[in-house]
Amino acid sequence: MSTLPPRVVLVTRATQLTALLARHSTRGQVEFFLNSRGQSFSELARRDALQAAAMKQVKAALPPDWSFAQVDRDDLDRFLFAPGDIVVALGQDGLVANLAKYLSGQPVIGVTPAPELGEGILTRHGLPALPGLLTRTAQGDIDSEARTMVAARLDGGDRLLALNELFIGHRSHQSARYELIHGGTTEFQSSSGLIVSTGTGLSGWARSIMTATHADIAFAPDAPRAAFFSREPWPSRQSGAELRAGLIEGDQALRVLSRIDDGGVIFADGIEQDFLRFDYGRETAIAIADEHLTLVTG
């Protein structure tokens, strides 16, 4: 273990008020914009204040000799994490998922500024617990989960990681055509796209699909497996709907061959701007990643 004091990296996401200020310049203009549409400015202001106060509490929780850095979610692709960093994700669960692919085993402490603002699955810790969690994490005396991630690798070598899920389909979510190869079976499908979910992702997008389709797939977030779901596959003379769902386990891979003329994409964890092109003739293999998220449970 390094004898140097740890560096804590605080990861945040701009609040809704901050985003509106970037568009309307002043709080007064934001308030006018919302009020003219019968919407509440006070709730956005309250959440913004909660976030600001929480950021101050995170900084106050650090021992005086520790290093500190802060990065916004939108700048993660330009930030260099060090091997010994302790990462604090302050916000909702989705922030941890957005962060995971940029890490290489660094422990992540998910903290919520207020419990009522999210589900608290990945950002489960309250601010009062943070000083103790930081100290114990630095000492290596902390419980954690190695949460499974999935990876899509294109035939050209490009690769994309996901903690929750991968989406494979058309960028506008219109009908996507592809060949699905799984367990020795090949099927041509036309659907709204594919979702490949980890155990962590089963509580998110995949959950809504299972609710709508009455599917029942469950496994632990650290299990080396993933589930795939075909969204609304259309059975016709050319396309089938038998491979609606299934599992990827161990060293298995789900192969997908694109038959999308233009606009095919693969994106991870809901970030549509960070995608791989998946147009006609491209092939991807989706498998359990070697990487995982180290989530501090405490």
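Note that this is a predicted model, so its numbers are computed, not measured.

1. Description of the overall build of the protein
Argument step 1. A tally of regular secondary structure across the protein gives six helices and 16 strands.
Argument step 2. The C-alpha atoms of the protein give a radius of gyration of 21 Å, which matches the 19 Å a tight globule of 298 residues would have.
Argument step 3. Oriented by its inertia axes, the alpha-carbon framework of the protein measures out at about 65 × 55 × 35 Å.
Argument step 4. For the protein, buried positions account for 49% of its 298 residues.
Argument step 5. Expressed as a percentage of contacts within the protein between residues at least 6 apart in sequence, the contacts between residues at least 24 apart total 67%.
Argument step 6. Approximately 14,700 Å² of the protein is accessible, and the part contributed by carbon and sulfur atoms is 49%.
Argument step 7. Of note, the protein has its 28 positive side-chain charges centred 5 Å away from the centre of its 35 negative side-chain charges.

2. Observations concerning the layout of surface pockets
Argument step 1. Taken as a whole, the largest pocket encloses approximately 830 Å³ of empty space.
Argument step 2. Lining the largest pocket are 30 residues, and of these Arg13, Gln92, Asp93, Gly94 and Leu95 lie nearest its centre.
Argument step 3. The set of elements that each furnish at least two residues to the lining of the largest pocket consists of α1 (16-24), α3 (41-60) and α4 (93-100).
Argument step 4. Tallying contributions element by element places α4 first for the lining of the largest pocket, with five residues.

3. Quick notes on the packing of α1 against helix α2 (residues 27-35)
Argument step 1. Relative orientation of the contacting elements α1 and α2 amounts to 100 degrees, with a least axis distance of 9 Å. Viewed along their axes, α1 and α2 adopt a mutual orientation that is roughly perpendicular. Residues Leu17, Leu20, Leu21, Arg23 and His24 of α1 form the contact with α2, whose own contacting residues are Arg27, Gln29, Val30, Phe33 and Leu34.
Argument step 2. Its residues assigned to classes, the contact of α1 with α2 shows six nonpolar, two polar and two charged.

4. Describing the side chain of Asp93
Argument step 1. Position of Asp93 among the secondary structure elements: in helix α4.
Argument step 2. In this structure, Asp93 is buried with no salt-bridge partner, the nearest side chain bearing the opposite charge being Arg124 at 7.5 Å.
Argument step 3. Looking at Asp93, its side chain comes within polar contact range of the main-chain nitrogen of Gly120, at 3.4 Å.

5. Brief notes about unusual backbone geometry
Argument step 1. Here Ser25, not a glycine, exhibits a phi torsion of approximately 80 degrees, which is positive.
Argument step 2. By secondary structure assignment, the location of Ser25 is in the loop between α1 and α2.
Argument step 3. A positive phi angle, near 55 degrees, is found at Asp269, a position not held by glycine.
Argument step 4. For Asp269, the position within the fold is in the loop between β14 (264-268) and β15 (271-277).

Rules behind the numbers
Residues numbered from 1 in each chain as written. Predicted model: local features only at pLDDT ≥ 70, side-chain atom pairs only at ≥ 80, totals over all residues. Heavy atoms only, no water. Helix = DSSP H or I, 4+ residues; strand = E, 2+ residues; numbered from the N terminus. Rg over C-alpha atoms; globule rule 2.2 N^0.38 Å. Buried < 20%, exposed > 50% of the residue type's maximum accessible area, 1.4 Å probe, protein only. Contact = heavy atoms within 4.5 Å. Areas by Shrake-Rupley, 256 points an atom, 1.4 Å probe, with all protein chains shown as cover. Lys, Arg positive; Asp, Glu negative; His and termini not counted. Charge placed at Lys NZ, Arg CZ, Asp CG, Glu CD. 1 Å grid on protein atoms, 1.4 Å probe; cavity = no way out; pocket = protein on both sides within 12 Å on 5 of 7 lines; lining within 4 Å. Points joined across faces, edges and corners; volume = space filled by probe spheres on them. Axes fitted to C-alpha atoms, helices over the stretch in contact; angles between N-to-C directions. Parallel < 35°, antiparallel > 145°, perpendicular 65-115°, else oblique. Nonpolar A, V, L, I, M, F, W, Y, C, P; charged D, E, K, R; others polar. Salt bridge = Lys/Arg side-chain N within 4 Å of Asp/Glu carboxyl O. Polar contact = N/O pair within 3.5 Å; in protein donor to acceptor, adjacent residues only side chain to side chain.

Worth remembering: the numbers are spatial, not functional.
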